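Below are the chains, spelled out letter by letter.
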Number of protein chains: 2
Amino acid sequence: MAKDEQPRPEARKPRGFPDKTAAIIAAERRLVDAISAVYRRWGFDALDTGPFEYVDALGKFLPDTDRPNAGVFALQDDDDQWIALRYDHTAPLARYVAENWATLAKPFRRYAAGPVWRNEKPGPFRFREFIQCDADSVGVAGPAADAEMIAIAAEAMKAAGAKAGEYAVRVNTRLLLDGVMEAAGVEDPATRGIVLRALDKLDRLGTEGVTLLLGKGRKDESGDFTQGAKLKDNQIERFLAFAAARAGTRSETLGRLGNVAGSTKSGAAGVEELAAIDTVLKALGVGEDEVTFDPAIVRGLEYYTGPVFEAELLREFHDADGNPIRFGSVGGGGRYDGLVARFRGEAVPATGFSVGISRLAAALAASEGQAADGPVLVLVLDQAEIADYAAMTSELRKGGIRAEMYLGSSGMRAQMKYADRRGSPAVVIVGGDERAKGIVTIKDLKAGAEAAKAVADNEAWRSERPGQFEAPRGEMVQRIRAIVEAGQ
Amino acid sequence: MAKDEQPRPEARKPRGFPDKTAAIIAAERRLVDAISAVYRRWGFDALDTGPFEYVDALGKFLPDTDRPNAGVFALQDDDDQWIALRYDHTAPLARYVAENWATLAKPFRRYAAGPVWRNEKPGPFRFREFIQCDADSVGVAGPAADAEMIAIAAEAMKAAGAKAGEYAVRVNTRLLLDGVMEAAGVEDPATRGIVLRALDKLDRLGTEGVTLLLGKGRKDESGDFTQGAKLKDNQIERFLAFAAARAGTRSETLGRLGNVAGSTKSGAAGVEELAAIDTVLKALGVGEDEVTFDPAIVRGLEYYTGPVFEAELLREFHDADGNPIRFGSVGGGGRYDGLVARFRGEAVPATGFSVGISRLAAALAASEGQAADGPVLVLVLDQAEIADYAAMTSELRKGGIRAEMYLGSSGMRAQMKYADRRGSPAVVIVGGDERAKGIVTIKDLKAGAEAAKAVADNEAWRSERPGQFEAPRGEMVQRIRAIVEAGQ
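So, how was this worked out
Residues numbered from 1 in each chain as written. Chains lettered and ligands numbered in written order. Predicted model: local features only at pLDDT ≥ 70, side-chain atom pairs only at ≥ 80, totals over all residues. Heavy atoms only, no water. Domains from an automatic or database assignment. Least-squares fit on C-alpha atoms with pLDDT ≥ 70 in both. Contact = heavy atoms within 4.5 Å. Pairing = 2+ DSSP bridges. Helix = DSSP H or I, 4+ residues; strand = E, 2+ residues; numbered from the N terminus. Axes fitted to C-alpha atoms, helices over the stretch in contact; angles between N-to-C directions. Buried < 20%, exposed > 50% of the residue type's maximum accessible area, 1.4 Å probe, protein only. Buried area = accessible area lost by both parts, 1.4 Å probe. Salt bridge = Lys/Arg side-chain N within 4 Å of Asp/Glu carboxyl O. Polar contact = N/O pair within 3.5 Å; in protein donor to acceptor, adjacent residues only side chain to side chain. Nonpolar A, V, L, I, M, F, W, Y, C, P; charged D, E, K, R; others polar. Phe/Tyr/Trp six-rings, centres within 6.5 Å; stacked < 30°, edge-to-face > 60°. Lys NZ or Arg CZ within 6 Å of the ring centre and 35° of its normal.

Next up on the list: the domain arrangement of chain A. Here the domain parsing of chain A yields domain 1 (22–368) and domain 2 (376–486). Taken over C-alpha atoms, the centre of domain 1 of chain A sits 53 Å from the centre of domain 2 of chain A.

Let's shift gears to the relation of the copies chain A and chain B. Once chain A is rotated about the relating axis by 180° and shifted along it by 0.0 Å, it coincides with chain B to within an RMSD of 0.1 Å. On the angle and the small slide along the axis, the relation comes out as a two-fold axis. It is Leu75 of chain A whose C-alpha, among those of chain A, lies nearest the rotation axis, at 3.0 Å. In this assembly, 98% of the residues forming the interface of chain A have copies in chain B that are likewise at the interface, indicating an isologous arrangement.

Time to look at the sheet that holds strand β20 (residues 439–444) of chain A. Residues and elements named next belong to chain A. One open sheet accounts for five strands, arranged β18-β17-β19-β20-β21; its pairing is mixed. Single-partner strands in this sheet number two, and they are β18 (403–405) and β21 (468–472). For this sheet, the mean angle separating the axes of adjacent strands, direction not counted, is 25°. By the bridge criterion, five bridges tie β20 to β21 in an arrangement that is antiparallel.

Before going further, it helps to examine the pairing of strand β6 (residues 108–117) of chain A. Residue and element names in this part refer to chain A. Most of β6 is tucked away: eight of the 10 residues are buried. Taken together, the 10 bridges between β6 and strand β7 (residues 129–138) define a ladder with antiparallel strand orientation. Residue Ala112 lies in a different strand from β7, and its bridge partner there is Asp134.

Here we come to the interface of chain A and chain B. Counting residues at the interface gives 101 residues for chain A, matched by 100 residues for chain B. Where chain A abuts chain B, roughly 8600 Å² becomes buried across the two surfaces, and 55% of that area is made up of carbon and sulfur atoms. Among the ionic pairs, Asp45 of chain B bridges to Arg422 of chain A, the shortest N-O distance being 3.2 Å. Applying the counting rule to chain A against chain B returns 42 residue pairs in polar contact (both at pLDDT 80 or more). Sort the elements by how many residues they give to the side of chain A that touches chain B and helix α13 (residues 386–398) of chain A lands first, with seven residues. Here the residues of the side of chain A that touches chain B are counted per class, giving 50 nonpolar, 15 polar and 36 charged. The sheet contact formed by strand β1 (residues 20–21) of chain A and strand β2 (residues 45–48) of chain B spans two bridges and is antiparallel. Residue pairing for β2 of chain B: Thr21 of chain A is matched across the bridge by Leu47 of chain B.

Aromatic ring pairs: the centre-centre distance and the angle between the two ring planes describe each pair. If you walk through the whole model with that rule in mind, you get 20 aromatic pairs over all chains. Measuring from ring centre to ring centre gives 5.8 Å for Phe17 of chain A and Phe73 of chain A, while their planes differ by 45°; the resulting arrangement is tilted. Taken together, the positions of Phe17 of chain A in the segment before β1 and Phe73 of chain A in the loop between α2 (55–58) and β4 (74–76) put the pair 56 residues apart, joining distant regions of the chain. For the residue pair Phe17 of chain A and Phe73 of chain A, the accessibility class agrees, reading buried in each case. Both rings, one in Tyr406 of chain A and one in Tyr418 of chain A, keep their centres 5.5 Å apart while their planes meet at 70°; by these two values the pair is edge-to-face. With a gap of 12 residues between them, Tyr406 of chain A in the loop between β18 and α14 (412–422) and Tyr418 of chain A in helix α14 connect regions that are remote in the sequence. Judged on exposure class, the residue Tyr406 of chain A and its partner Tyr418 of chain A are both buried. Taken together, the ring pairs in this structure connect Phe17 and Phe73 of chain A together with Phe52 of chain B into an aromatic cluster. A cation sits over an aromatic face here: Arg342 of chain B above Phe343 of chain B, 5.2 Å from the ring centre.

For the rest of this paragraph, the subject is the pattern of salt bridges. According to the stated counting rule, one finds 74 salt bridges over all chains in the structure shown. In this structure, Arg422 of chain A and Glu404 of chain A form a salt bridge, with 3.0 Å as the shortest nitrogen-oxygen distance. With Arg422 of chain A in helix α14 and Glu404 of chain A in strand β18, this residue pair connects regions lying 18 residues apart in the sequence. With a closest N to O distance of 3.8 Å, Arg435 of chain B and Glu385 of chain B form a salt bridge. With Arg435 of chain B in helix α15 (residues 432–437) and Glu385 of chain B in the loop between β17 (376–378) and α13 (386–398), this residue pair connects regions lying 50 residues apart in the sequence. On the accessibility criterion, Glu385 of chain B (28% relative accessible area) is partly exposed.

Rendered as structure tokens:
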């Protein structure tokens with residue numbers, strides 16, 4: 001241990017990596033299992049590519065493309081090559097597919113569920129590790145494959161526990177965005193970028209804010225000024241009409257989009273693409289309330305080459321203090337025909353969907369609260385009888401009951417307090433008297449707590465001992481089971 | 001994408017991080033779930049401390065203590081502090097407990113299941129990431145807590161699928177090792193180290209090899225010479241008697257150990273400790289075939305301060321080629337009263353158990369083979385009817401059947417081959433004829449493959465089409481379900 005030689009380290013945790021306790025771990029697990037089951041049902045097989053990739057293989061799809069290792073956790077391997085923790089599941093998939101191209105069954109359909117890491121400034125609800133759950137089809141061209149991914153996104157939201165009306169998948173396509181740019185006469189890539197970022201903010205800033213961003217620019221509440229695209233009024237008009245084209249049904253939206261962006265080749269192709277997606281969605285039974293076409297959806301354009309979509313949680317959550325939490329986008333995806341081409345030269349069509357599990361689980365855990373499902377505690381009142389307490393605890397466990405024998409060194413009062421802290425439904429108390437009589441004293445902690453509210457004073461409480469009763473030792477398991485089941 | 005500007009990266013994977021496919025992922029998941037359920041039933045709650053720790057907090061419990069970052073994957077955070085990926089679950093637990101000491105319910109019982117990382121030379125079956133599944137009790141002194149851990153180890157082996165006689169937990173204690181050293185008059189720490197490493201090899205080298213290692217040294221098959229402890233014959237005698245003290249029952253072993261090492265204070269205390277453990281094990285119903293006392297068990301002595309134990313898989317596995325695989329130790333644990341003290345100064349008693357999931361899962365996956373549970377494939381023979389194929393696939397899925405519509409661009413022969421590669425139980429074939437008649441053609445691929453063996457030639461195969469039949473469209477789901485269920 002060498003504790004005399006070394007200075008004592010401070011017990012502290014790297015920022016952005018919270019310690020996760022049981023409730024959030026269970027919520028994440030439930031979601032991963034439910035969404036993985038959807039992926040499996042649709043014919044995807046699990047693949048785990050491992051945590052590290054070579055930095056050059058990982059590529060530069062993160063914000064700061066000037067610094068090669070910005071945004072990722074990178075280190076030099078013992079052969080001096082730089083490796084980095086994956087920042088998503090898609091870049092490693094592209095490497096895997098390229099590396100194993102010759103032997104893969106194609107199309108290649110895989111799902112992944114596991115942590116990804118981003119070396120970003122941590123902050124409240126900004127973690128540096130989070131779990132993503134992805135499905136991807138590689139070697140598939142054409143809108144039917146995209147429609148399938150979109151339908152899977154909707155089904156994943158349902159599997160996560162969202163009910164009808166509590167979620168929506170919003171779909172757009174790169175072709176339409178190209179089409180409206182062309183129709184509006186915007187060709188400069190930098191200006192196109194400003195326009196897309198502006199459209200992406202429609203939900204948050206409304207028409208007024210976006211109009212400013214498309215025009216001369218906008219000052220936000222903090223006084224920061226965002227440069228505008230400096231478009232003319234008729235151009236702005238066209239983009240606003242485009243962004244507002246979402247209608248009650250997918251067919252109606254397509255009609256409106258045809259009017260605004262259908263005059264160009266890209267725009268017409270975009271409308272046709274969405275129409276083909278719509279046909280397959282209908283065949284798959286995906287409702288109008290589940291999937292909408294929304295031209296204001298903009299996602300990473302260096303990455304996506306065709307349809308793009310976002311899965312949004314509309315249901316309003318409340319945290320433990322009753323404050324509303326709006327979640328918005330919890331997943332997204334689209335077509336990325338260029339990613340495998342980085343390795344292979346030739347384009348390999350692919351489409352995928354990714355859900356951010358950590359955010360979703362945090363929401364569900366915050367809103368649903370934690371079920372108290374602590375272990376039944378067998379108090380240890382006499383160390384000489386430890387084997388007897390062990391046998392009782394074992395009996396409970398063999399009866400299917402989560403149970404623990406108190407193993408600390410404190411007395412009865414501290415043991416009762418420990419049971420409270422652990423959320424134990426009941427404790428088993430056996431002292432000399434009980435042992436002599438062949439009985440156990442059982443305390444139902446929930447019933448006890450409720451009864452205690454009604455008891456006038458400490459004196460009365462001590463004499464009445466609410467929720468506490470005696471039972472023959474042979475009935476211990478069944479009596480405890482009744483308490484545990486009543487509490488569920 | 002900038003693929004014109006950048007050189008094409010090579011699609012290659014960092015060494016020691018294998019890509020895991022579905023069978024091994026499923027095997028690992030099953031084990032983690034089964035063993036976590038055991039931990040939960042015994043009253044442990046899940047805790048995930050996250051991947052990174054500060055290097056100074058992680059401590060130096062890895063082989064090469066001269067290089068601070070040897071053995072771990074370390075990097076500098078943006079505030080210049082060194083952080084490293086955890087190499088086990090115990091060091092982060094010690095940090096967590098020290099950091100949250102004031103608010104924790106004590107004893108603190110947690111389990112962890114997740115990857116750990118070791119920056120070691122990779123090799124065959126030597127991975128740099130593997131999954132460990134741990135349970136620890138912190139704030140517990142005394143042999144009852146150790147007995148509990150040992151019983152949990154046995155139960156975890158059962159939960160992993162080992163039957164009676166296929167596993168054993170072998171228990172020793174640091175006190176006994178100290179006692180026999182004292183009794184034999186070995187005081188020099190370096191010599192003690194050589195002796196312990198020699199005892200640890202009894203299983204592998206036998207009495208003869210260990211005698212050499214305790215004496216003048218041993219040359220192995222490759223010609224490498226290992227320095228011996230240079231003990232006298234009567235000392236060697238005593239250690240061999242000690243190491244061979246394992247008898248048919250725990251009580252018998254204790255009797256023998258009393259004779260060999262009981263004359264010293266430490267030795268007597270060690271016998272007493274194991275006797276107390278035996279009492280609790282008996283109360284917990286842990287059989288003599290499940291847990292034995294074995295003085296030849298030696299584990300990391302810088303780390304463990306009391307009882308130590310190893311869980312061993314005795315069952316012989318066979319790989320896909322029928323070669324026997326002996327697994328030996330798949331988990332271990334013991335008492336480590338000093339680990340939290342690194343942070344807090346005062347000793348905090350603790351005891352734990354850890355199973356290496358990855359090794360175990362690799363064994364089970366290798367021996368059990370992969371169940372073919374691919375998706376039912378709906379062939380796509382006419383792109384204009386894609387919506388119809390989508391609807392059929394959706395119908396199968398809604399009927400609880402794993403199903404996929406072919407989304408590649410190849411013809412029927414390639415689609416059939418794809419179904420084979422995926423392990424599909426059946427394919428659904430609908431061309432113009434079937435559609436006109438309102439029927440589907442179903443091919444049972446397993447029945448087809450078996451029948452094909454009996455068919456004389458290609459000509460006959462083409463006319464007979466073994467395993468293939470027609471069914472009304474309305475019966476598709478039930479006919480497919482019958483095939484899927486028959487194959488399970």
